[in-house]
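An overview of the molecular structure
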Amino acid sequence: MERLFGVLGAWALAFLLVLGFLAVLPAGVQDAVPDAAVGGAVLVLGLLGARRVVRRPR
């Protein structure tokens, strides 16, 4: 159960990081960024974060 919460936390953190980064961009740049790029960034960051959580300590 701890791993599940860790993975969900990684996805939530990735989502908030991407949204926070987009929020500081100028309006013209925000409009130019396609939604698919935002979703892809969330997926990649979420997978990287989840990978770190799921790995077992050595």
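That block above? That's the structure.
Here we summarise the structure given alongside this text. Keep in mind it's a predicted model, so treat the numbers as computed, not measured. Within every chain, residues take consecutive numbers counted from 1 along the sequence as written. The predicted origin of the model limits local features to residues at a pLDDT of at least 70 and limits the giving and counting of side-chain atom pairs to 80 or more, whereas totals for whole chains, interfaces and linings rest on all residues. The basis for the side-chain values is all heavy atoms of the structure; hydrogens and waters are excluded.

So, about the overall build of the chain. Scanning the chain from terminus to terminus reveals three helices and zero strands. Listed N to C, the secondary structure of the chain is α-α-α in terms of helices and strands. Only the C-alpha atoms count toward the radius of gyration. The rule for a globule is 2.2 Å times the residue count to the power 0.38. A compact globule built from 58 residues should have a C-alpha radius of gyration of about 10 Å, whereas the chain, at 14 Å, is more than 25% larger. In terms of overall dimensions, the chain has a C-alpha envelope of 45 × 20 × 15 Å along the principal axes. Exposed residues in this analysis have more than 50% of their type's maximum accessible area, buried residues have under 20%, and partly exposed residues fall in between, with area computed by a 1.4 Å probe over protein chains only. Put simply, the chain has 58 residues, and 16% of those count as buried. Surface accessibility in these figures is a Shrake-Rupley result with a 1.4 Å probe; residues are shielded only by whichever protein chains are displayed. Total accessible area computed for the chain in this model is approximately 4700 Å², and 70% of it derives from carbon and sulfur atoms. Starting at the N terminus, helices and strands are each numbered in turn, a helix being any DSSP run of H or I of at least four residues and a strand any DSSP run of E of at least two.

Here the focus is the environment of G9. Examined against the element boundaries, G9 turns out to sit in helix α1 (residues 2-23). Its relative accessible area of 38% is what places G9 among the partly exposed residues.

Turning our attention to α1. Helix span, as expected, comes to 1.5 Å for every residue beyond the first. Over its 22 residues, α1 extends 31 Å from the first C-alpha to the last, a length consistent with the 32 Å expected when each residue adds 1.5 Å. Turning to α1, its buried residues number three or more, namely V7, A10, A14, V18 and L22. Taken down its axis, α1 places every buried residue within 95° of arc, on the same side. Across α1 from its buried face, at more than 90 degrees, point the exposed residues E2, F5, L13, L16 and A23. As used here, the arc belongs to the directions running from the helix axis to the C-beta atoms.

For L4, the location among the structural elements is in helix α1. Sequence spacing of L4 and L17 is 13 residues, and the spatial spacing of their C-alpha atoms is 20 Å.

Looking now at the environment of L48. Within the secondary structure, L48 is located in helix α3 (residues 35-54). Between the C-alpha atoms of L48 and W11, which are 37 residues apart in sequence, the distance is 9.2 Å.

Taken by themselves, the reported measurements are silent on function.
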